[in-house]
Amino acid sequence: MSASEVLIEPERRLEVKGHYDVVVVGGGPAGISAAVAAARRGARTVLVERASFLGGTATGAMVASFMGFFLGDERVTGGIPYEILGRLEAIGGGSGFLDYVMGEASDSPLPVHTYPFDSELLKVVLDELVTEAGVELRLHAQGVDAVVENGRVTGVVVQGRTERYALRGTVVIDASADGVIAKGAGAEIENARQDPRLRQPMTQVARFVDVDMPAFRALPIPEKQRLAATGMELGVFSQRLMSVVSSPHGNDAVVLMTRVSGRDGTDDAQLSLAEVEGRQRILRVAGFLREHVPGFERSRLQTIASWIGIRETWRIIGDYVVTQEDIVTGRAFDDQISLGCGPLDIHHPSGGGLTLIVPERPFGVPYRSLLPAGVDGLLMAGRCISATHEGMAALRHMGTVMTTGEAAGAAAAQAVSRGVTPREVDVQALRETLREAGAIVDQADVVPGVTTPPAVSRSVEQ
C-alpha cells in the first residue's frame, strides 16, 4: 500500500449509550480529579479510560512519586490531589513527603519534596474515590473523537471492547494527555509542525526488589555522578541520571533511568518501537545496577511498567498559552484556578542534557488555558492544556495536572447547573468553590511547612 492510498470508511450509525452532564476522557491523575470534582457537585458524570485501571502515568507508567505540591517549604497544592495522598496514607500506600534530589547525577541537582507511593495500592484508592463520588466508569474504552453539532462539542465517540459508540455530554473534558478529543473537535495544536524527534524523550520505568535502599541513598552525589557517567560510557545510559524512588515498604526501587528519544508518542507504530526499546534498555540497566551500584548487588527485576512514560505529545492552543516567562517569574492571573511550582524540567532530546529551572514564586494556572480556542462545550485538563514546550515542562508534574483536572470538573459542573458554556462560566465563583473545597488558588492560600497529609477514612464497603 502506498503512503498516499486512502480508504473511504462507509458512513455508519453509532448507538448513543448514555446521556451525561459531564463526559471525561482519560482516567489519569487529571481525568480522575475532573470526574470526581464534577460528580461531587451534582453533575451526572462518566469517566472513559482505555486501560483496565485508573491512574495513567502514576500507575500504568509506574511513575510512583507525586511532585508539584511544594515550592521550598510552602505547599501550593490542596483539594482532591492532597486528599488522594491522605487516602494512600490510610491504607499504607504512602508514608509522607520525602526530601529528594532531582537530577542528582546531573550537573544541576535540585532538592525537592516528593511523595513516593505504592502504585498498586493507588489503583484501589482511585477506584474507591470515583465510586464514592458517584462517577460511572467505562474502563477498556477509549475516547477517539468528538461529536460536534452546530459548532459545539456535544459528546464523544468511544471505541469499546467490541464496538464503537457515542456518549452524549453537556460538557466534555479532554484529559487524554494527547488532546485527542480537542483535536477531533477542530482545535489547533501548538506544536503541530514540530518534529517529534525534538520532543522530550520517553522513559520506561521498572521496579526492582531486594534492594538495600539505605546503602544507595548513602552514596555521595559525586559518586552517583561518576556511576552515571560510567553508565553512559558503557552505552547503558543515554542521560546522566540515577533517578530512584522507593515505595513505602522501603526494600524496593522504582528506577527511572532509561531514555527513548526520537519517537512520536501519538503514532502507534512509533510508540511500539519505543516500548520495545524501553524494555530492552531496562535489562541493560538491571545488569549495570547489580554490577556497579552499591545497594543493588542482590537486586531482582520485579515489574516493568505496563507502558512507557511519555513526557510530551500534542498541546492544544487555548484562549491563553502558558509560557516559560509565566513559569519562571511566578506570574499571577485574575482567572487563575490553581498554583504550580514546577520545576521547569526539560529532558533534552539529544546529548543527554537536563534543564531544571525553579520558579521565583508559585505560578498561576489561568482558566483560559483550559479552554481550547474556537471550540465550545469542551474543557482540557492535564498534559494537553495550552502551553508552550517550556511551559508544559513545568505544568506536567502530576500534582499540578490534578489541579487542572479539579478545576475543569468544577467548571463543567457550574456550566451545567447554570446552563452556560464553559467559556461563559463565572470564574470568580469557580475560584471560590475550589477554595471552599480545600484547593489552593492564590498565593494567599499557600500553606507553610511540610506536613504529612491526614489519613482519609474509607467509606466504601470493605
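Above this note sits the structure.
Residues numbered from 1 in each chain as written. Predicted model: local features only at pLDDT ≥ 70, side-chain atom pairs only at ≥ 80, totals over all residues. Heavy atoms only, no water.

Novice: Pulling in residues and values, what's your account of the environment of Leu371?
Specialist: Inspection of the secondary structure puts Leu371 in the loop between β19 (363-366) and β20 (378-380). A sequence separation of 10 residues divides Leu371 from Ala381, and the C-alpha atoms of the two residues are 9.3 Å apart. Once residues within four sequence positions are removed from consideration, Leu371 is found in contact with Gly318, Asp319, Leu378, Leu379, Met380, Pro422 and Arg423. (Helix = DSSP H or I, 4+ residues; strand = E, 2+ residues; numbered from the N terminus. Contact = heavy atoms within 4.5 Å.)

Novice: Give me the lowdown on the side chain of Thr45, citing residues and values where you can.
Specialist: Secondary-structure assignment places Thr45 in strand β2 (residues 45-48). Exposure remark for Thr45: the relative accessible area of 2% places this residue in the buried category. Side-chain polar atoms of Thr45 contact the backbone oxygen of Ala43, separated by 2.9 Å. Ignoring any residue separated from it by four or fewer positions in sequence, one finds Thr45 in contact with Tyr20, Val22, Val24, Ala35, Ala38, Ala39, Gly134, Val135 and Glu136. (Buried < 20%, exposed > 50% of the residue type's maximum accessible area, 1.4 Å probe, protein only. Polar contact = N/O pair within 3.5 Å; in protein donor to acceptor, adjacent residues only side chain to side chain.)

Novice: Give me the pattern of salt bridges: which residues, what numbers.
Specialist: Taken as a whole and assessed by the stated rule, the structure comprises 30 salt bridges. Arg361 is the partner of Glu360 in a salt bridge, and the nearest nitrogen-oxygen pair spans 3.7 Å. When salt bridges that share partners are traced, they join Arg431, Glu432, Arg435, Asp442 and Asp445 into one network. (Salt bridge = Lys/Arg side-chain N within 4 Å of Asp/Glu carboxyl O.)

Novice: Just give me the short version of the pairing of strand β16 (residues 336-340), but keep the residues and values in it.
Specialist: Look at any regular strand and the pattern is simple: side chains alternate between the two faces of the sheet. In terms of burial, β16 is largely enclosed, as five of its five residues are buried. In this structure, β16 lies alongside β19, joined through four bridges in antiparallel fashion. Paired with Gln336 across the two strands is Pro366, which belongs to β19. (Pairing = 2+ DSSP bridges.)

Novice: Report on the sheet that holds strand β12 (residues 206-209), specifying residues and quantitative values.
Specialist: Sheet architecture is open: four strands sit in the order β13-β14-β12-β15, paired in antiparallel fashion. Two strands lie at the open edges of the sheet, namely β13 (244-245) and β15 (300-304), each paired on one side alone. Pairing of β12 with β15 involves four bridges; the strand directions are antiparallel. Residue pairing in the sheet places Phe208 in a bridge with Leu301 of β15. The strands touched by helix α7 (residues 268-292) are β12, β14 (252-255) and β15; relative to β15, the strand with the most contacts, the crossing angle is about 155°. (Axes fitted to C-alpha atoms, helices over the stretch in contact; angles between N-to-C directions.)

Novice: Now, about the pairing of strand β1 (residues 16-25): what can you tell me, with residues and values included?
Specialist: With seven bridges connecting them, β1 and strand β11 (residues 164-174) associate as parallel partners. Within the sheet, the bridge partner assigned to Val23 lies in β11 and is Val172. Pairing analysis gives four bridges linking β1 to β2, with the strands arranged parallel. Looking across to β2, one finds that Val25 is bridged to Val48.

Novice: Account for the layout of surface pockets, with residues named and values stated.
Specialist: Empty space within the second largest pocket amounts to approximately 230 Å³. In terms of lining, the second largest pocket is formed by 18 residues, of which the most central are Phe70, Gly72, Pro111, Val112 and His113. When residues in the lining of the second largest pocket are grouped by element, the largest group, four residues, is from strand β7 (residues 110-116). Of the residues belonging to the lining of the second largest pocket, the class tally is 13 nonpolar, four polar and one charged. (1 Å grid on protein atoms, 1.4 Å probe; cavity = no way out; pocket = protein on both sides within 12 Å on 5 of 7 lines; lining within 4 Å. Points joined across faces, edges and corners; volume = space filled by probe spheres on them. Nonpolar A, V, L, I, M, F, W, Y, C, P; charged D, E, K, R; others polar.)

Novice: Give me the lowdown on empty space enclosed by the protein, citing residues and values where you can.
Specialist: Summed over all chains, the structure comprises three cavities of 30 Å³ or more. Each pocket or cavity is described by its volume, and for the largest cavity that value is around 60 Å³. Every residue lining the largest cavity is listed: Pro196, Arg199, Gln200, Pro201, Met202, Val260, Ser261, Gly262, Arg263, Gly265 and Glu312. For the lining of the largest cavity, a count of residues per class yields four nonpolar, four polar and three charged. What the second largest cavity holds in volume is close to 50 Å³. Of all elements in the fold, only β16 and α10 (398-418) reach the threshold of two or more residues within the lining of the second largest cavity. For the lining of the second largest cavity, the residue count by class is four nonpolar, three polar and one charged.

Novice: Explain the sheet that holds strand β21 (residues 447-448) to me, and be specific about the residues and the numbers.
Specialist: What links the strands of a sheet is backbone hydrogen bonding, and the strands pair in either a parallel or an antiparallel sense. With antiparallel pairing, the three strands of this open sheet are ordered in space as β4-β5-β21. Each edge of the open sheet is held by one strand with a lone partner, namely β4 (70-71) and β21. Note that β4 and strand β5 (residues 74-75) share two bridges and pair antiparallel. Residue pairing across strands places Leu71 opposite Glu74, the latter belonging to β5.

Novice: Provide a residue-level description of unusual backbone geometry, including the pertinent values.
Specialist: The linkage connecting Gly342 with the following residue, Pro343, adopts the cis geometry, with an omega of 5°. Within the secondary structure, Pro343 sits in the loop between β16 and β17 (344-347). In this model, Asn150 sits at a positive phi of 55°, which is unusual for a non-glycine residue. The phi angle at Asp210 is positive, at roughly 55°, despite the residue not being glycine. Along the polypeptide, Asp210 turns up in the loop between β12 and α5 (213-217). By relative accessible area, Asp210 is classed as partly exposed at 40%.

Functional significance is not addressed by these values, which are geometric in nature.
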